[in-house]
Amino acid sequence: MEILENKLTQIRQNLRKRLFLSSMMEITDGFFCAERAKGCGMVQMGAYLAEPPAYRARKSVLPPGEKECIDFFSKECRKIRNNSPKVYICLNLATPELQWGLEATECFYKAGGDIVELNIHGGYEPYLRLGKIRAMVLSENREELFRWLQAFSELSIPTIVKFREGVIPDYAPILDKIVNLNLLGVHFNIREEKNKKPDFDFVRNIKRRYSFFLLVSGYVRTSDAVKRLFEAGADMVGFAQPTIKDPEFINKIEQKLAKKIDI
């Protein structure tokens, strides 16, 4: 456990005040991540689904066999490493069963991946009906959420948990429970749909109460917005949609930041 804690500390130090490519289902594969890794401290592949019976029947489902799954991840990671050897590679993962998620994570780790992000954010309807992904933050599903996060926090690979602002009015009952788990960090999608901008106050309020490593993404479009998020307490800021049309989007933001703030 001490080894993992030292690893978490080192990764946080390396990634604090850095930018990252946030996952987009059916978009952020290895090739996409490789093309957009410049300027990033971390790239996120996925979201991939750990649901062996649905392999080939649904898109983004990981291969069911251990060897096949490791081979898949190895090829995807290699695409990124060949282009950006120092960037951290994170797997965004959703699953309807804890054991399937743990097994997929172990395959990713054996394939050379660095970090796994458990997706408690998405709106994938088949999983929502089962009370999974963002439905797990609802009061009736929280005990299972806590059990899952405990299990992921005990793995050798560092874990991030991803939530979405606004699914419930107050995340304090959840964050109070998980703040002492051995997680790398917490990732919030902070997009304000009404104003089409990130919710700076949400970040500020979270950091007033909690000291955990905080990643944020959602409607971040400018270097000024990134600077404001860092000032509000965010440790990392991510981008998704703007990178689809412009592979250099994150690198351009990084270059602007380098001229304005000490990161």
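Throughout, residues of each chain are indexed from 1 in the direction in which the sequence is written. With pLDDT at 70 or above as the cut-off, local features in this predicted model cover only qualifying residues; side-chain atom pairs require 80 or more to be listed or tallied, and sums for whole chains, interfaces and linings still use all residues. Side-chain figures throughout are based on the complete set of non-hydrogen atoms in the structure, without hydrogens or water.

Right, let's get into unusual backbone geometry. For the bond from G46 to A47, the omega torsion is 5°, close enough to zero to count as cis. Secondary structure elements are taken from DSSP: a helix is a run of H or I of four residues or more, a strand is a run of E of two residues or more, and numbering for both begins at the N terminus. Position of A47 relative to the elements: it lies in strand β2 (residues 42-49). Unusually for a residue other than glycine, K196 sits at a positive phi of about 55°. Unusually for a residue other than glycine, Y219 sits at a positive phi of about 60°. Structurally, Y219 is set in the loop between β9 (214-217) and α9 (223-232).

Orientation is described by lines fitted to C-alpha atoms, with helices fitted over the stretch in contact, and by angles between N-to-C directions that extend from 0 to 180 degrees. Interaxial distance between helix α8 (residues 200-209) and α9 falls to 8 Å at its minimum, and their mutual angle equals 25°. Classed by the angle they form, the pair α8 and α9 counts as roughly parallel. Considering how the two elements wind past one another, α8 and α9 form a crossing that is right-handed. Counted together, F200, V203, R204 and K207 of α8 and A225, R228, L229 and A232 of α9 form the full contact between these two elements. Side-chain classes follow a simple rule in which Ala, Val, Leu, Ile, Met, Phe, Trp, Tyr, Cys and Pro form the nonpolar group, Asp, Glu, Lys and Arg form the charged group, and the remainder, Gly included, forms the polar group. Of the residues in the contact of α8 with α9, the class split is five nonpolar, no polar and three charged. These descriptions rest on fixed angle ranges, namely under 35 degrees for roughly parallel, over 145 for roughly antiparallel, 65 to 115 for roughly perpendicular, and the rest for oblique. With the far helix as reference, a near helix turned anticlockwise by less than a right angle produces a left-handed crossing, and one turned clockwise produces a right-handed crossing. Contacts between residues were defined by any pair of non-hydrogen atoms, one from each residue, lying within 4.5 Å.

Moving on, we get to the sheet that holds β2. Pairing between two strands is assigned when DSSP locates at least 2 bridges connecting them. Taken in spatial order, the eight strands of this closed barrel run β1-β2-β3-β4-β5-β6-β9-β10, and their pairing is parallel. Neighbour-to-neighbour, the strand axes of the sheet open up by a mean angle of 25°, direction not taken into account. Where β2 meets strand β3 (residues 88-94), six bridges bridge the pair, whose relative direction is parallel. Of the residues in β3, the one forming a bridge with Q44 is C90. Where α8 meets the sheet, it contacts β6 (185-189) and β9, and its direction lies at approximately 170° from that of β9. Along the sheet, α9 makes contact with β1 (18-21), β9 and β10 (236-239), crossing β10 at roughly 145°.

The next thing to look at is the pairing of β2. Most of β2 is tucked away, with eight of its eight residues classed as buried. The pairing of β1 with β2 spans two bridges and is classified as parallel. Each bridged residue has a counterpart across the sheet, and for F20 the counterpart in β2 is M42. Three labels apply to residues, based on accessible area from a 1.4 Å probe with only protein chains included: buried if under 20% of the type maximum, exposed if over 50%, partly exposed otherwise in between.

Remark: the centre distance and the inter-plane angle together describe each pair of aromatic rings, the angle taken between the planes. Think of it this way: a Phe, Tyr or Trp ring, Trp meaning its six-membered ring, pairs with another when their centres are within 6.5 Å, and the plane angle makes it stacked under 30 degrees, edge-to-face over 60, tilted otherwise. Applying the stated criterion across every chain, the model contains ten aromatic pairs. Between the aromatic rings of Y48 and F72, the centroid separation amounts to 5.4 Å while the plane-to-plane angle is 90°, which identifies the pairing as edge-to-face. Here F72 lies in helix α3 (residues 66-83) and Y48 lies in strand β2, a separation of 24 residues in the sequence. Given the relative accessible area of 9%, Y48 is considered buried. Geometrically, the ring pair formed by F188 and F202 is edge-to-face, given 5.0 Å between the ring centres and 70° between the ring planes. One end of the pair, F188, is in strand β6; the other, F202, is in helix α8, with 14 residues separating them in the sequence.

Glancing now at the pattern of salt bridges. The salt bridge criterion pairs a side-chain nitrogen of Lys or Arg with a carboxyl oxygen of Asp or Glu, the two atoms within 4 Å. Counted under the stated rule, the structure contains 16 salt bridges. Residue D235 pairs with R16 through a salt bridge whose shortest N-O separation is 3.1 Å. With a gap of 219 residues between them, D235 in the loop between α9 and β10 and R16 in the loop between α1 (2-15) and β1 connect regions that are remote in the sequence. Of the residues examined, R16 reaches a relative accessible area of 34% and is grouped as partly exposed. Linked by salt bridges that have partners in common, R164, R191, E193 and K196 make up one network.

Before going further, it helps to spend a moment on the side chain of S84. Looking at the element boundaries, S84 is found in the loop between α3 and β3. Residue class for S84 comes out buried when judged on its relative accessible area of 13%.

Attention now moves to the nonpolar core. Within the largest apolar cluster, 76 residues are counted, with the highest numbers of intra-cluster contacts made by F73, F163, L175, I178, F188 and V237. Of the residues forming this core, the biggest block, six residues, is contributed by helix α6 (residues 142-153). Apart from the residues lying within four places of it in its own chain, the contact partners of I178 are F146, L149, V161, F163 and L183. Core analysis: the second largest hydrophobic core is formed by 14 residues, L4, L8, I11 and M236 among them. What is meant by a nonpolar core is a set of buried Ala, Val, Leu, Ile, Met, Phe, Trp, Tyr and Cys residues, joined one to another through side-chain atoms within 4.5 Å.

What counts as a disulfide here is a pair of cysteine sulfur atoms lying within 2.5 Å. Under the definition given, this model contains zero disulfides. Sulfur of C40: no disulfide; nearest cysteine sulfur belongs to C33 and is 8.6 Å away. For the unlinked cysteine C77, the closest cysteine sulfur is that of C33, found at 9.4 Å. Under the relative-accessibility criterion, C77 is labelled buried at 2%.

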